[in-house]
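Structural features, examined
The primary structure of each chain is shown beneath.
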Amino acid sequence: MIRVTRSTVINAPIDRVWSVLRDFNSHAAWHPVVAESIIEGDEPSDRVGCVRRFRLQDGARVREQLLSLSDRDFRFTYCILNADIALERYVATVQLKPVTDGNGTFWHWQSTFRTPRGREQELADLVGNGVYEAGFAGVAKLLAQGRAPSLPRIATRAVTRGQAVVFDSVGGPEVLVARAVDVPAPQIGEVRVRHTAIGVNYLDVYIRRGLAPLAAPGGALGVEGVGVVVDVGDGVTHVMPGDRVAYLGLPPGSYSDIRTLSAAQVVPLPTHVSDETAAAAFLKGLTAEYLLHRVHTLKAGEVVLVHAAAGGLGVIVSSWARSLGATVIGAVSSEDKARLARDHGCHHVIVTCDYLFADAVMEASNGHGADLIIDGVGQQAMGENLAALALFGHWVSVGQASGALPSVDPHALLAKSATLSVPAVLHYTSYSIRLSQMADRLWNAIQSGAARPHIGARYPLAAARAAHHDLEARATKGSLLLIP
């Protein structure tokens, strides 16, 4: 049995190198000896057991099968099923490891096989130099150049139809239905993403009710999603097929198994953030980022009142605010939710079902009041919010679960020299550079434990109606996810 081993260091982060290699059909885009390649049976190119059939530049044909793949270990193993090249019982393993003293990636590639007698050295050199060394150079070149239009397209699973949850008319959860939809190939500046997890937000409820006219009946819901890039249009260089990504933006459409959207809305996921964590935290975590670092620069020692402190946004903003040195007061509707709020950073928790909380805020803050109020309640909490504000306090309205916020009398704010802000996450994330900066801060906060998302429930995509019903009934905690 012959063993061939080669290693190199690629000047790119490990998640970037892995995003290329984990696509078992990507070698058509980077290996100089591969002329064309397809995955048999139209299977996903990262599914264990899939078979790739390819032709080399010299005309030789090869069929290889993916035997194992580990995103945790950055490792995959494959074998040759049959080939025009005399390699028998060929099994190979690719293993990546981060370089500890830099931002590079150590790549180890090894195989064992048998050859006809007398051809051992010839075929060992072919594998070691013509396959492995040439492959190292090809990937390094691809990553150095980005995905320029001149690079060959990666052959991907051709998907033209998908499933999406749409709302047939304005109304309650019952208007949500699953439907087959066309999913066009990405054009210039676009990407096509196959979802692995989808975040459910109250904004989706507002759109469905007609309170936020961001989509017309007949359209899909959902403004954030997480998944894997299937393919990209020309001009897209910051993500590649096989990359794990998260996105946020309009038009709605994330309630689907696959969709095409603007690449400007998409950011790569770091390896330390799982798909479900990203889906639970992206919109809500970016909201927490701008609330605590842009709308109001939170200072140590300030008092923060967080409404719905056990909700998806509430647990993230509470834990993050506490890490910044604030005293956090949470308002919730049940003792069960109070326990979750305490576990996620609240120093004091107020349990109220009738939106009476101002006196409790004053008591918990020794008469100071709240320097910052994060309010997703809206109409029914208006008077109590004004009463709970500290002198120079900042009231930030981020939702209207109990009804639209009425006009606020400026004199009511003047009584405390207070400020009212009504920011929108889609404005803060509308520029790709700022979106990337906000996302980086969020990923770092999750890694450090400062921001602590909580997944309260998972629903199949087709059960989006049940997710909306539970959300509006205030029967949920943390973030809700739809799983295609």
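Right above here is the structure, for reference.
All of the points below concern the structure found in this document. (Residues numbered from 1 in each chain as written. Predicted model: local features only at pLDDT ≥ 70, side-chain atom pairs only at ≥ 80, totals over all residues. Heavy atoms only, no water.)

What to know about the overall build of the protein chain
Going by this rule: A run of DSSP states H or I qualifies as a helix once it reaches four residues; a run of E qualifies as a strand once it reaches two. Both are numbered from the N-terminal end. The rule is simple: take the accessible area with a 1.4 Å probe, protein chains only, and divide by the maximum for that residue type; under 20% is buried, over 50% is exposed, in between is partly exposed. What sets the accessible areas is the Shrake-Rupley method with a 1.4 Å probe; for residues, cover comes only from the shown protein chains. His is not counted, nor are the chain ends, whereas Lys and Arg count as positive and Asp and Glu as negative. Where a charge sits is defined by one atom per residue type, namely NZ (Lys), CZ (Arg), CG (Asp) or CD (Glu).
The secondary structure content of the protein chain amounts to 13 helices and 22 strands. In terms of overall dimensions, the protein chain has C-alpha extents of about 90 × 50 × 40 Å along its principal axes. A burial count over the protein chain gives 53% of its 484 residues as buried. Accessible area for the protein chain stands at about 20200 Å²; split by element, carbon and sulfur atoms hold 52% of it. Across the protein chain, the mean location of the 44 positive side-chain charges is 4 Å away from that of the 45 negative side-chain charges.

With respect to the pattern of salt bridges
Put simply, the rule reads: Take a side-chain nitrogen of Lys or Arg and a carboxyl oxygen of Asp or Glu: if they are within 4 Å of each other, that pair is a salt bridge.
Taken as a whole and judged by the stated rule, the model has 23 salt bridges. A salt bridge links arginine 47 to glutamate 43, with the nearest nitrogen and oxygen atoms 3.6 Å apart. Owing to a relative accessible area of 26%, glutamate 43 belongs among the partly exposed residues under this scheme. The residue arginine 161 makes a salt bridge to aspartate 182 at a minimum N-O spacing of 2.7 Å. With arginine 161 in strand β8 (residues 161–167) and aspartate 182 in strand β9 (residues 176–182), this residue pair connects regions lying 21 residues apart in the sequence. On the accessibility criterion, arginine 161 (47% relative accessible area) is partly exposed.

Quick notes on helix α6 (residues 312–323)
Counted only if it meets this: Helix span, expected: 1.5 Å multiplied by one less than the number of residues in the helix. In this description, contact between two residues means that some pair of their heavy atoms is separated by no more than 4.5 Å.
Taking 1.5 Å per residue as the helical rise, α6 with its 12 residues ought to reach 16 Å, and the 17 Å between its terminal C-alpha atoms agrees with that figure. When you tally the buried positions in α6, you get nine out of 12 residues, the bulk of the element. Every buried residue of α6 is listed here: Gly312, Gly314, Val315, Ile316, Val317, Ser318, Ser319, Trp320 and Ala321. The secondary structure elements touched by the buried residues of α6 are α5 (275–295), β15 (303–307), β16 (327–332), α7 (335–343), α12 (432–448) and β22 (479–483). Note on α6: the residue one or two positions beyond its end, glycine 325, has a positive phi of about 95 degrees.

Some points on the sheet that holds strand β4 (residues 61–70)
Defined as follows: Here the rule is simple: two strands pair whenever DSSP picks up at least two bridges between them. Throughout, an axis means a line fitted to C-alpha atoms (over the contacting stretch in the case of helices), and angles, computed between N-to-C directions, take values from 0 to 180 degrees.
Reading across the sheet, the seven strands line up as β1-β7-β6-β5-β4-β3-β2 and stay open at both edges, with antiparallel pairing between neighbours. Two strands in the sheet have a free side with no partner beyond their single neighbour: β1 (2–10) and β2 (34–39). For this sheet the average axis-to-axis angle between neighbouring strands, irrespective of direction, equals 20 degrees. When β1 meets strand β7 (residues 105–114), the two strands line up antiparallel, connected through nine bridges. Considered in β7, the bridge of valine 9 is made with phenylalanine 106. Taken strand by strand, helix α3 (residues 120–145) contacts β1, β5 (75–83), β6 (88–98) and β7, and its axis lies near 20 degrees from that of β1.

Re the sheet that holds strand β17 (residues 348–351)
In a beta sheet, neighbouring strands are held together by backbone hydrogen bonds and run either parallel or antiparallel to one another. With respect to topology, six strands assemble into an open sheet ordered β17-β16-β15-β18-β19-β20, the strand pairing being parallel. Looking at which strands have only one partner, the edges of the open sheet turn out to be β17 and β20 (419–421). Each strand of the sheet is rotated relative to its neighbour by a mean of 15 degrees, with strand direction disregarded. In this sheet, β16 lies alongside β15 in parallel orientation, the contact comprising five bridges. Bridge pairing in β16 links leucine 305 to isoleucine 329. This element, α7, spans β16 and β17 of the sheet and lies at about 160 degrees to β17.

Description of the environment of leucine 461
Among the structural elements, leucine 461 can be located in the loop between β21 (455–460) and α13 (464–472). Residue leucine 461 is classed as buried on the basis of its relative accessible area of 9%. Along the sequence, leucine 461 and valine 51 sit 410 residues apart, while their C-alpha atoms lie 29 Å from each other. Dropping the residues within four chain positions of it, leucine 461 is found in contact with Gln163, Val165, Ile198, Tyr255, Ser256, Asp257, Leu482, Ile483 and Pro484.

A word on the environment of arginine 208
Mapped onto the elements, arginine 208 comes out in helix α4 (residues 202–209). On the accessibility criterion, arginine 208 (1% relative accessible area) is buried. Here arginine 208 is in contact with Phe167, Ser169, Val170, Gly171, Gly172, Pro173, Val175, Leu176, Leu221, His468 and Glu472, once residues within four sequence places are set aside.

Notes on the pairing of β17
Condition: Whether a crossover is right-handed depends on one test, that the path from the first strand over the helix to the second runs clockwise when the strands point away from the viewer.
Bridge count for β16 against β17 is four bridges, and the pairing is parallel. Among the inter-strand pairings, glycine 330 is bridged to a residue of β17, identified as valine 349. One crossover worth recording links β16 to the parallel β17 by way of α7, and it is right-handed.

Thoughts on the packing of α4 against α13
Packed helix pairs are specified by the crossing angle of their axes together with the interaxial distance, meaning the distance between the axes. Note the cut-off: Oblique is the label for any angle not under 35 degrees, not over 145, and not in the 65 to 115 range, which are roughly parallel, roughly antiparallel and roughly perpendicular in turn. Only Asp, Glu, Lys and Arg are considered charged, only Ala, Val, Leu, Ile, Met, Phe, Trp, Tyr, Cys and Pro nonpolar, and every remaining residue, Gly among them, polar.
Packing of α4 against α13 brings their axes to within 11 Å, and their N-to-C directions diverge by 105 degrees. Between α4 and α13, the angle is such that the two are roughly perpendicular. On α13, the residues touching Tyr202, Asp204, Val205, Arg208 and Arg209 of α4 are His468, Leu471 and Glu472. Looking at the contact of α4 with α13, its residues break down into three nonpolar, one polar and four charged.

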